[in-house]
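# Per-entry structural report
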Amino acid sequence: MNKVLKWFTRDSFILPVVAIVMGLILGGIVMLIGGYNPFEAYGALFKKVFGDMYNFGEAVREMTPLIMTGLAFAFAARAGLFNIGGEGQFLVGMTAATFVGVKFAGLPIYIHAPLALIAGGVFGGLWAAIAGYLKAARGVNEVISSIMLNWIGLYLANLIVRQFLLLQGENRSVDISESASISLTWLSELMGNSRVHMGTLIALVMAVLFYIYMWKTKQGYEIRAVGYNPNAAEYAGMHVNRNIVKAMFISGMLAGLGGAFQVLGVFQYQTVMSGSPGTGFDGIAVALIGLNHPFGVLLGALLFGTLTYGSAGMSFAADVPPEIIRIVIGSIIFFIAAQGIVRWVLKPFYSKRKKEKVL
């Protein structure tokens, strides 16, 4: 029990929670300035998410790809890399899963669905590994290369859909084979016929595997060592360049799986997109809220998904523009990044706790 209480009083827990509260308060102030009732708005937001099983299931569905892109960014960040290319890796993974889901029709479900998922993860990983290789071999900044790969990934995805998968007369691919679907009919019916799927369970498993790999294995230790100080890691005999490529591959694999989940579990087809969906970029925000820890990412995705999906209810019920939710999310990220402000707010609390310890 003491260990649990100690965990809840750690800075790594207190600071994000206070940052979230401060972000919500700032959002409320913005609503007041705009002439809206923040209590009514936040009430409508949470009612939208938790008011019935269908909307709760859809909120969970909204959170799932955010978990994966959040884990993707967090994994690379632990290696000292800023993987801003989750968007492109997400789209490449989605396209690979769609291709396998459409072109490999006839396979049994226990082979087809896993194969489509593996394809999404592997191709997403390979896409990220390009930026990793350029960083390791040529010293190219991964931010620059991964941004460029985002756009290449978007147009490559559209090209593949148009050339090989297009449904006649439509601006989307043909539907994937039913054997490639990861939808869970029984769970969907239980949650008001919402579009929940197996990907959510896989995402939770990935968060646990992330933690085990990063903090309980030798390879994870090496990746974190490279992230802390690549020169010291190299002096200790670690292969810095190999770990950079490895970290980017695993990061891209996580993002690619997130894209695969969207096709195989939610839409069952892929559209020709005029722009990026933004899930990879939202994953960066989720990882920052979660302080680049896998379990923090889960909580960050829960918060982000709740605010994003619930903003529709806030808009309809309280007539508050959904863009205000972006202000709230941006404020939360700002306060997490500017921890000095949060610590200043908490200074009286810390002073009181020190006095109690002295007494």
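Here the structure is a predicted model, which is why all the values come from computation and not from measurement. (Residues numbered from 1 in each chain as written. Predicted model: local features only at pLDDT ≥ 70, side-chain atom pairs only at ≥ 80, totals over all residues. Heavy atoms only, no water.)

All right, on to the overall build of the protein chain then. Looking only at helices and strands, the protein chain features 16 helices and zero strands. Here the C-alpha atoms of the protein chain give a radius of gyration of 22 Å, agreeing with the 21 Å that 2.2 N^0.38 yields for 359 residues. Overall, the C-alpha framework of the protein chain stretches about 70 × 60 × 40 Å when taken along its three principal axes. The burial tally for the protein chain puts 50% of its 359 residues in the buried class. If you average the places of the 26 positive and of the 17 negative side-chain charges in the protein chain, the two averages end up 15 Å apart. (Helix = DSSP H or I, 4+ residues; strand = E, 2+ residues; numbered from the N terminus. Rg over C-alpha atoms; globule rule 2.2 N^0.38 Å. Buried < 20%, exposed > 50% of the residue type's maximum accessible area, 1.4 Å probe, protein only. Lys, Arg positive; Asp, Glu negative; His and termini not counted. Charge placed at Lys NZ, Arg CZ, Asp CG, Glu CD.)

Attention now goes to the layout of surface pockets. The calculated volume of the second largest pocket comes to roughly 250 Å³. As for the second largest pocket, its lining consists of 14 residues, of which Val60, Met63, Ile67, Thr200 and Leu204 are closest to the centre. At the level of secondary structure, the elements contributing two or more residues to the lining of the second largest pocket comprise α4 (53-78), α9 (199-216) and α14 (294-318). No other element matches the four residues that α4 contributes to the lining of the second largest pocket. Of the residues assigned to the lining of the second largest pocket, the class counts are eleven nonpolar, three polar and no charged. (1 Å grid on protein atoms, 1.4 Å probe; cavity = no way out; pocket = protein on both sides within 12 Å on 5 of 7 lines; lining within 4 Å. Points joined across faces, edges and corners; volume = space filled by probe spheres on them. Nonpolar A, V, L, I, M, F, W, Y, C, P; charged D, E, K, R; others polar.)

This part takes up the packing of helix α6 (residues 109-138) against helix α12 (residues 240-267). The interhelical angle for the contact between α6 and α12, taken along N-to-C directions, is 145°, at an axis separation of 6 Å. Handedness of the α6/α12 crossing: right-handed. The class makeup of the residues in the contact of α6 with α12 is 19 nonpolar, eight polar and one charged. (Axes fitted to C-alpha atoms, helices over the stretch in contact; angles between N-to-C directions. Left-handed = near helix turned anticlockwise from the far one by under 90°.)

Another aspect to go through is the UniProt feature "transmembrane region" (unreviewed entry) in the protein chain. Under the feature "transmembrane region" (unreviewed entry), the UniProt entry names residues 12-36, 63-84, 91-111, 117-134, 146-165, 196-214, 247-267 and 324-346. In the segment residues 117-134, helix accounts for 100% and strand for 0%; the C-alpha atoms at its two ends are 26 Å apart. What you have in residues 196-214 is 84% helix and 0% strand, and the ends, taken at the C-alpha atoms, are 29 Å apart. (UniProt positions renumbered as here; feature names shortened; annotations may be inferred.)

Applying the stated criterion across every chain yields a total of six salt bridges. The closest approach of N and O atoms between glutamate 142 and lysine 135, which form a salt bridge, is 3.2 Å. On the basis of relative accessibility, which here comes to 27%, the residue lysine 135 falls in the partly exposed class. A salt bridge links arginine 172 to aspartate 175; its shortest N-O distance comes to 2.9 Å. (Salt bridge = Lys/Arg side-chain N within 4 Å of Asp/Glu carboxyl O.)

Another aspect to go through is the packing of aromatic side chains. Under the defined criterion, the tally for this structure stands at ten aromatic pairs. Judged by centre distance (5.0 Å) and plane angle (85°), the rings of phenylalanine 73 and phenylalanine 82 are edge-to-face. Given a relative accessible area of 3%, phenylalanine 73 falls into the buried group. Look at phenylalanine 82 and you get partly exposed, because its relative accessible area is 38%. (Phe/Tyr/Trp six-rings, centres within 6.5 Å; stacked < 30°, edge-to-face > 60°.)

A word on the side chain of asparagine 243. Note on placement: asparagine 243 falls in helix α12. Owing to a relative accessible area of 2%, asparagine 243 belongs among the buried residues under this scheme. Once residues within four sequence positions are removed from consideration, asparagine 243 is found in contact with Gln219, Glu222, Ile223 and Val226. (Contact = heavy atoms within 4.5 Å.)

Residues Phe99, Phe104, Ile109, Tyr110, Ile111, Leu115 and Phe164 make up a contiguous nonpolar surface patch of about 690 Å² in total accessible area. With four residues, α6 is the single largest residue contributor to the nonpolar patch. For phenylalanine 99, the location among the structural elements is in helix α5 (residues 86-103). (Patch = residues over 30% accessible without salt bridge, like charges linked within 9 Å, V, L, I, M, F, W, Y side chains within 5 Å. Areas by Shrake-Rupley, 256 points an atom, 1.4 Å probe, with all protein chains shown as cover.)

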